[in-house]
4 protein chains.
Amino acid sequence: MSQEGLLRPGIAQLRVLDMDESITHYVDRLGLELVSKEADGRVYLKGYDEFHRHSVVLREADRAGIDYFAFKADSQESVDNFRRRIEEWGLAVDDVPAGEQPGVGPRIGFTIPSGHRIELFADMELSDDGPDTRNPYTWKTEPRGMRAQRMDHCLLYGPNIDQVEEFFTKVLDFHLPERVDLPDGTLAIWMTVSNKAHDIAFVKHDEPGKLHHLAFFLEDWNAIGNAADIMTRYDMSRDLGPTRHGITRGQTIYFFDPSGNRNEVFSGGYTAYKDHPTRIWDHNNVGRGIFYYERQLNEAFLSVVT
Amino acid sequence: MSQEGLLRPGIAQLRVLDMDESITHYVDRLGLELVSKEADGRVYLKGYDEFHRHSVVLREADRAGIDYFAFKADSQESVDNFRRRIEEWGLAVDDVPAGEQPGVGPRIGFTIPSGHRIELFADMELSDDGPDTRNPYTWKTEPRGMRAQRMDHCLLYGPNIDQVEEFFTKVLDFHLPERVDLPDGTLAIWMTVSNKAHDIAFVKHDEPGKLHHLAFFLEDWNAIGNAADIMTRYDMSRDLGPTRHGITRGQTIYFFDPSGNRNEVFSGGYTAYKDHPTRIWDHNNVGRGIFYYERQLNEAFLSVVT
Amino acid sequence: MSQEGLLRPGIAQLRVLDMDESITHYVDRLGLELVSKEADGRVYLKGYDEFHRHSVVLREADRAGIDYFAFKADSQESVDNFRRRIEEWGLAVDDVPAGEQPGVGPRIGFTIPSGHRIELFADMELSDDGPDTRNPYTWKTEPRGMRAQRMDHCLLYGPNIDQVEEFFTKVLDFHLPERVDLPDGTLAIWMTVSNKAHDIAFVKHDEPGKLHHLAFFLEDWNAIGNAADIMTRYDMSRDLGPTRHGITRGQTIYFFDPSGNRNEVFSGGYTAYKDHPTRIWDHNNVGRGIFYYERQLNEAFLSVVT
Amino acid sequence: MSQEGLLRPGIAQLRVLDMDESITHYVDRLGLELVSKEADGRVYLKGYDEFHRHSVVLREADRAGIDYFAFKADSQESVDNFRRRIEEWGLAVDDVPAGEQPGVGPRIGFTIPSGHRIELFADMELSDDGPDTRNPYTWKTEPRGMRAQRMDHCLLYGPNIDQVEEFFTKVLDFHLPERVDLPDGTLAIWMTVSNKAHDIAFVKHDEPGKLHHLAFFLEDWNAIGNAADIMTRYDMSRDLGPTRHGITRGQTIYFFDPSGNRNEVFSGGYTAYKDHPTRIWDHNNVGRGIFYYERQLNEAFLSVVT
């Protein structure tokens, strides 16, 4: 028991317009490790504090966005079990064979009612360059740039949020630390399959399959400040922050990669348990829920997605 | 599915020699909330960021130490299931009726091979003074003193560490992020039932049933510095720190309550998953494992317990 | 030698619309000490880390703003010497007798070309409640609210900036760490009489005698974050931040007192020496100079003053 | 006026046993810039935030220690004036011609009663690689290693502390923020010629001319923690810390360069003014004065010097 079934976000595959600029962004600025460039042109990345082979895949394309967001399960048996439950809930499930990504076992994929492709998998090789497991140091080589420790979560935009909530909580066993309830229904949901304040979140949006941001975890508020210094030094496109979210309490900056995909650097956030009540935000307070210091949404929050 | 069975440390009952001094220490200095003083003399406390009624119980006695450490389960069914598994493993299980502590349902208790009493329970009332769940603030009233957010974990000293490891991992479904292996066997184990780097830890020790420290979670390294300022201002008894642990990577100070029970204020620590390898420390590096900056144990670490 | 003549900002007298609300703001939120309320209605305040009796004076009035900003000199002889130089430069100097404020010796005052009243004085009583001087602690009582250490500097708006620069550098012996030079002349100047990055600053503005902000010094970026948490919790009126200034490199939040006077909490800032070059900003970069992370001015920066 | 005469510590010339190891230490670990290696074997270094050509000179020798500590004055006229006052006080003054170090004008030198050589100079070239002065960034290239901003101060050990205090305060115009007074006289003095809490300090010691430590300024307590992580990662010799000094309130780690010269990384420290009272520590509290959290000296503090 303890954590059973899904463990955490395992892979995010992003579309980028220019691979070289993207590598500068994710490797030199965010500080991810470049794991490999493969023959099909895809580039594999990981945070310095991640044990497994990779967590971010970049694919060059003519428009930005997210191809899929994949969760790592504790076993193939769990994945098989989820397949049955997903199909029972009414979604078609397809198979991605082992080896479609280097070091990754078979995955299953499906499209949720918000229009996003979600995948599940159980097996990924451990990295040769993960944290030491024998008399480890806090890090082996000095972290670089914004010192991103790991890929942490994503926020997706699309329709049918109520169905998405039901799917993630009833079928994938997530729980729901926070929700924004407008008079005409749910605007947004923050869900986790672990003790992190969120592993994935959704905002209601007419157009399906959109990415609001992919987030990377930093150590603390000081690391957020350092990230802001880096953004200005290299004239990176910043959306908002340093600030705090009321929702999750995380400390944050929103900014953009060279393709226009929004990134977040994120620190803090409370420890979530499924016996904790869901926090509810109403329409008078949603601004403070999203941007705790500004206490209002900026125009980009609800409109700029990829 | 997600976190099943046990959720987290739920109650630590400590013996203290003088209740008034203890309240000053835990409430004014650590910043816990005083929930209630009951007719039997026990005092109930919680961190400002905890949802449930209490997490620390102080009992006046003529020697310091820990009466028991209790884990909160997700349901009574889980507790019943653990009772069966614990008895099958060979431990006698006794019952503590609902209401033995205000707001707490029935508990089961048992003595593990290290000589410590461990308890499990499923039900505790939510606090009237927990975090808001409707348009919450990061805190309702400004945190006080060291700004302890929650009771976090304990480190216990006793014999039969190998059996304790087997019991927690096989029977209670913990996993093992870190271990110290000396040439003559395991010295110490760090175990978690969640994504925290540890929920409980043990060090091998001849005398059974001993407490090394009870730990409280602070926001970050700056909060650790503030705690150190407070310790000196009030001439509190400090053991070691501010420093970092190599094990868990947590930032820490060890100090003592007025009864001689060691406390820890702790921040950081990595996010643990059960598919991560266990980190192993050997006898040449255990000093750095415990005190990352000092790179050696102090005399008190292996000898001063209550 | 070493620092001769003027030492630092010594007194800021602010006009406030409602004294009770102002005390809540400056004492409970910013964390200043309430030194005294005097028979004429004025209220005297100081930061917990200031040695002298007071540094901020609040006067109830029907419009907000600053009455005067006073610098403390090292001796009465210095003040007399400055009087001569100021009159030679062409300004009329008047006298404020000792005792016009409790604990303060004689002051001289004059109106500079930007329309602001500046005062100089040499003598102020030491506070009974300043930092200890015998085996001191870092603080005697735990700092409160935003933990403001001291009144730090002000930014004033008015005409004739070039004359103001000449006056402060030639007559009052300030030096000039930073300046914004627009194609049509100087927009703004940052000046210091010490090693602080600035003790006073001016921005060109048509209307004379205006206050942009009065700043208070916090320990570091973490204290800035804590101040932001406090502003949201008490629904205080915030202008911008947490962010960094390119100019001075200080970390900052702009916000407003209940009367509409802008305050700043400020940390960091480099150590300035008079043999360092003046940093010059041009019109393409002034946005980044003021708000380093936003890289553009907000509308309020050039228009909202009291 | 404002700051007249001496401005700040300008040059520390250290003796090191092995130049290559020393460069690794000061450049890769502390993060200083390597300015030049000269034909006589000396190596010149500066912090990334220093405007002038260099501030640290390393000279290979067969024993470690400090050759001299030099203060930069505001003008040659000031230096000439100090020469007269120093000779009147009874010390012999010698001349070091311009060009003895690259980019440095004429210096004067003399041996103070503690046996240390002190020098004064007015002219040093600005660095090609100092902070930008036209639309600057907070840094031009990302700071490296411990991110040392500047050489900050030194603590020297030797006899005749009372005479040293008289010399620095009466002849060189320093003031005295803190002093340790034992029953048999002054043990130690902290002196500054600026608003920094100290520019130089002395501890009474039988052997003349000794170096206790040379200190480098870091941004804040988080940077101190990062420095500690670096020390452990590279197995550098650490003396004590992270901790705080009661004296100056600075946050600190003491450690050693490969030659055994003690270094300090230092952050914080209050802003000192000459109209502030001197803080006095007595023998019962000197431990807390030096190491605020430990509240006692370690053995190395009074005995290990170079």
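Just so we're clear, the structure is a prediction, and the values are computed from it rather than from any experiment.

So, how was this worked out
- Residues numbered from 1 in each chain as written.
- Chains lettered and ligands numbered in written order.
- Predicted model: local features only at pLDDT ≥ 70, side-chain atom pairs only at ≥ 80, totals over all residues.
- Heavy atoms only, no water.
- Helix = DSSP H or I, 4+ residues; strand = E, 2+ residues; numbered from the N terminus.
- Buried < 20%, exposed > 50% of the residue type's maximum accessible area, 1.4 Å probe, protein only.
- Contact = heavy atoms within 4.5 Å.
- Areas by Shrake-Rupley, 256 points an atom, 1.4 Å probe, with all protein chains shown as cover.
- Lys, Arg positive; Asp, Glu negative; His and termini not counted.
- Charge placed at Lys NZ, Arg CZ, Asp CG, Glu CD.
- Axes fitted to C-alpha atoms, helices over the stretch in contact; angles between N-to-C directions.
- Left-handed = near helix turned anticlockwise from the far one by under 90°.
- Nonpolar A, V, L, I, M, F, W, Y, C, P; charged D, E, K, R; others polar.
- Buried area = accessible area lost by both parts, 1.4 Å probe.
- Salt bridge = Lys/Arg side-chain N within 4 Å of Asp/Glu carboxyl O.
- Polar contact = N/O pair within 3.5 Å; in protein donor to acceptor, adjacent residues only side chain to side chain.
- Expected span 1.5 Å × (residues − 1).
- Arc of directions from axis to C-beta.
- Least-squares fit on C-alpha atoms with pLDDT ≥ 70 in both.
- UniProt positions renumbered as here; feature names shortened; annotations may be inferred.
- Patch = residues over 30% accessible without salt bridge, like charges linked within 9 Å, V, L, I, M, F, W, Y side chains within 5 Å.
- Phe/Tyr/Trp six-rings, centres within 6.5 Å; stacked < 30°, edge-to-face > 60°.
- Pairing = 2+ DSSP bridges.
- Domains from an automatic or database assignment.

Visitor: What is the right way to look at the overall build of chain A in this model?
Guide: Counting its secondary structure elements, chain A contains six helices and 18 strands. Relative to its 306 residues, chain A shows a buried fraction of 67%. Considering only residue pairs separated by 6 or more positions, chain A has 67% of its internal contacts joining residues 24 or more positions apart. Taken as a whole, chain A presents about 9800 Å² of accessible surface, with 44% of it coming from carbon and sulfur. Computing the positive centroid from 34 side-chain charges and the negative centroid from 50, chain A places the two 3 Å apart.

Visitor: Looking at this structure, I do not really get the packing of helix α2 (residues 76-89) of chain A against helix α3 (residues 161-171) of chain A. What am I missing?
Guide: The description of two helices packed together rests on the angle between their axes and the distance between the axes. Residues and elements named next belong to chain A. The interhelical angle for the contact between α2 and α3, taken along N-to-C directions, is 145°, at an axis separation of 11 Å. As for how α2 packs across α3, the hand of that crossing is right-handed. From α2, Phe82, Arg85, Ile86 and Trp89 reach across to α3, where they touch Gln163, Glu166, Phe167, Lys170 and Val171. Tallied by class, residues from the contact of α2 with α3 come to five nonpolar, one polar and three charged.

Visitor: What am I meant to see in the interface of chain B and chain A here?
Guide: Reports of interface size often rely on the accessible area that becomes lost once the parts have come together. Facing 50 residues of chain B, the contacting portion of chain A comprises 50 residues. In total, chain B and chain A occlude about 4900 Å² of area from one another, counting both sides; carbon and sulfur atoms represent 49% of this. At the boundary of chain B and chain A, one finds twelve salt bridges. The partner of B:Asp275 in a salt bridge is A:Lys72, with the nearest N and O atoms 2.7 Å apart. Linking chain B with chain A are 29 residue pairs in polar contact (both at pLDDT 80 or more). Of all elements in the fold, only β1 (2-4), β2 (6-16), α2 (76-89) and β18 (279-282) of chain B reach the threshold of two or more residues within the side of chain B that touches chain A.

Visitor: What's the story with helix α2 (residues 76-89) of chain C in this structure? I'm lost.
Guide: Every α-helical turn comprises 3.6 residues, leaving residues that sit three or four positions apart pointing alike. Residue and element names in this part refer to chain C. Under the 1.5 Å per step criterion, the end-to-end length of α2 is 20 Å for 14 residues, consistent within 8% with the ideal 20 Å. Regarding α2, the residues found buried are Ser78, Val79, Phe82, Arg85 and Ile86. On an axial view of α2, the arc spanned by its buried residues comes to 125°, and they lie on one face. Opposite the packed face of α2, turned more than 90 degrees from it, sit the exposed residues Glu77 and Glu88. Among the structural elements, β2 (6-16), β6 (65-73), β8 (107-111), β9 (117-121) and α3 (161-171) are those in contact with the buried residues of α2.

Visitor: I'm lost on the relation of the copies chain B and chain A in this one. Help?
Guide: One copy of the chain maps onto the other through a rotation about an axis followed by a shift along the same axis. In screw terms, the move from chain B to chain A is a rotation of 180° and a rise of 0.0 Å along the axis, fitting with an RMSD of 0.0 Å. This pairing of chains is accounted for by a two-fold axis. Taking the C-alpha atom as reference, chain B places B:Gln3 closest to the rotation axis, 2.0 Å from it. Taken as a fraction of all interface residues of chain B, those also at the interface in chain A reach 100%, which identifies the copy contact as same-surface.

Visitor: Help me understand the pattern of salt bridges, please; the structure alone is not making it clear to me.
Guide: When the charged atoms of two side chains with opposite charge come close together, those side chains can pair. Residues and elements named next belong to chain A. A full pass over the atoms with the stated rule returns 125 salt bridges over all chains. Glutamate 87 is paired through a salt bridge with arginine 83; the nearest N and O atoms lie 3.5 Å apart. Here the residue glutamate 87 and the residue arginine 83 both occupy positions in helix α2, the gap between them amounting to four residues, near one helical turn. Taking the shortest distance from any N to any O, the salt bridge between arginine 179 and aspartate 181 comes out at 3.3 Å.

Visitor: What am I meant to see in the UniProt feature "domain: VOC" (unreviewed entry) in chain A here?
Guide: All names here are of chain A. The sites that carry the UniProt feature "domain: VOC" (unreviewed entry) are, in the present numbering, residues 8-123 and 150-268. Strand forms 39% of residues 8-123 and helix 22%; the C-alpha atoms that close the span are 13 Å apart. The span residues 150-268 carries 20% helix and 48% strand; its end-to-end C-alpha distance comes to 13 Å.

Visitor: Hey, could you run me through a negative patch on the surface in this one?
Guide: Residues and elements named next belong to chain A. A cluster of acidic residues, Asp18, Asp20, Glu21 and Glu60, forms a negative patch at the surface. Along the chain, aspartate 18 turns up in the loop between β2 (6-16) and α1 (19-29). Its relative accessible area of 33% is what places aspartate 18 among the partly exposed residues.

Visitor: Honestly, the relation of the copies chain D and chain C in this entry has me stumped. Any pointers?
Guide: Expressed as a screw transformation, the operator carrying chain D onto chain C has a rotation angle of 180° and an axial translation of 0.0 Å, and the superposed copies differ by an RMSD of 0.0 Å. Mapped onto chain C, 98% of the interface residues of chain D again fall at the interface, so both copies present the same surface.

Visitor: Sorry if this is basic, but what is going on with the packing of aromatic side chains here?
Guide: Aromatic ring pairs are reported here in terms of the distance separating the ring centres and the angle at which the planes meet. What the rule picks out here adds up to 66 aromatic pairs over all chains. Each ring, one from C:Tyr292 and one from D:Tyr137, has its centre 6.4 Å from the other, and the planes form 75°; the classification is edge-to-face. In this pair, C:Tyr292 sits in the loop between α5 (286-290) and α6 (299-303) while D:Tyr137 sits in the loop between β9 (117-121) and β10 (150-158), so the two residues belong to two different chains. In textbook terms, an aromatic cluster arises when at least three aromatic residues are bridged by ring pairs, as seen for A:Phe69, A:Phe71, A:Trp89, A:Phe110, A:Phe167, A:Phe168, A:Phe174 and A:Phe202.

Visitor: Help me understand the interface of chain D and chain C, please; the structure alone is not making it clear to me.
Guide: At the interface, 50 residues of chain D touch 50 residues of chain C. Of the roughly 4900 Å² buried between chain D and chain C, counting both surfaces, carbon and sulfur atoms make up 49%. Our count for the contact surface shared by chain D and chain C stands at twelve salt bridges. A salt bridge links C:Arg8 to D:Asp275, with the shortest nitrogen-to-oxygen separation between them at 2.9 Å. At the boundary of chain D with chain C, the tally comes to 29 residue pairs in polar contact (both at pLDDT 80 or more). Those elements that place two or more of their residues in the side of chain D that touches chain C are β1 (2-4), β2 (6-16), α2 (76-89) and β18 (279-282) of chain D. Grouping the constituent residues of the side of chain D that touches chain C by class yields 14 nonpolar, 16 polar and 20 charged. Relative to β1(D), strand β1 (residues 2-4) of chain C runs antiparallel, the two being bridged by three bridges. Paired with C:Gln3 across the strands is D:Gln3, a residue of β1(D).

Visitor: What exactly am I supposed to notice about the sheet that holds strand β5 (residues 56-60) of chain D here?
Guide: Within a sheet, adjacent strands bond to each other through the backbone by hydrogen bonds, running parallel or antiparallel. Residues and elements named next belong to chain D. On the basis of which strands lie adjacent, the open sheet formed by eight strands has the order β3-β4-β5-β2-β6-β9-β8-β7 and mixed pairing. Unpaired on one side and paired on the other, β3 (33-37) and β7 (94-96) mark the two borders of the sheet. The average undirected angle you get between the axes of adjacent strands in this sheet is 25°. In terms of strand pairing, strand β8 (residues 107-111) meets β9 through five bridges, oriented antiparallel. Looking across to β9, one finds that arginine 107 is bridged to phenylalanine 121.

Visitor: What is the right way to read the domain arrangement of chain A from this model?
Guide: Residue and element names in this part refer to chain A. The domains assigned to chain A are domain 1 (6-121) and domain 2 (150-303). Just the C-alpha atoms count here: the centres of domain 1 and domain 2 sit 19 Å apart. Contacts between the two partners involve 41 residues from domain 1, matched on the other side by 43 residues from domain 2. Both sides together, the interface formed by domain 1 and domain 2 hides about 3200 Å², and carbon and sulfur atoms give 71% of it. Taken as a group, Arg29, Trp89 and His116 account for 19% of the area that domain 1 buries against domain 2, more than any other trio of residues on that side. Across the contact surface, domain 1 and domain 2 share one salt bridge. Here arginine 85 ties to aspartate 173 by a salt bridge, and the two come within 3.0 Å at their closest N and O atoms. Taken together, the connections running from domain 1 to domain 2 amount to 15 residue pairs in polar contact (both at pLDDT 80 or more). Within the residue set of the side of domain 1 that touches domain 2, elements represented by two or more residues are β2, α1, β6 (65-73), α2 and β9 (117-121). Residues that form the side of domain 1 that touches domain 2 fall into these classes: 25 nonpolar, nine polar and seven charged.

Visitor: Whenever I open this one, the environment of A:Leu172 confuses me. Can you help?
Guide: All names here are of chain A. Considering the arrangement of structural elements, one finds leucine 172 in the loop between α3 and β11 (175-182). Owing to a relative accessible area of 0%, leucine 172 belongs among the buried residues under this scheme. Placed 166 residues apart in sequence, leucine 172 and leucine 6 show a C-alpha to C-alpha distance of 7.5 Å. Not counting residues within four places of it along the chain, the set of residues in contact with leucine 172 comprises Leu6, Phe82, Ile86, Leu120, Phe167 and Val193.

Visitor: Just to check I follow, could you spell out the sheet that holds strand β4 (residues 43-46) of chain C for this structure?
Guide: Residue and element names in this part refer to chain C. Reading across from one edge, β3-β4-β5-β2-β6-β9-β8-β7 is the order of the eight strands in this open sheet, with mixed pairing throughout. Across the chains shown, the open sheet's two edge strands, defined by having one partner strand only, are β3 (33-37) and β7 (94-96). Pairwise comparison of adjacent strand axes, ignoring direction, gives a mean angle of 25° for this sheet. When β2 meets β6, the two strands line up antiparallel, connected through eight bridges. Its bridge partner lying in β6, arginine 15 is registered against glycine 65.

Visitor: What is the right way to read the pairing of strand β13 (residues 200-204) of chain A from this model?
Guide: Two faces make up the sheet, and in a regular strand the side chains alternate between them. All names here are of chain A. Counting buried residues in β13 gives four out of five residues, a clear majority hidden from the surface. Where strand β10 (residues 150-158) meets β13, five bridges bridge the pair, whose relative direction is parallel. Residue pairing across strands places tyrosine 157 opposite valine 203, the latter belonging to β13. Across four bridges, strand β12 (residues 185-192) lies against β13 in antiparallel orientation. By the bridge assignment for β13, alanine 188 is matched with valine 203.

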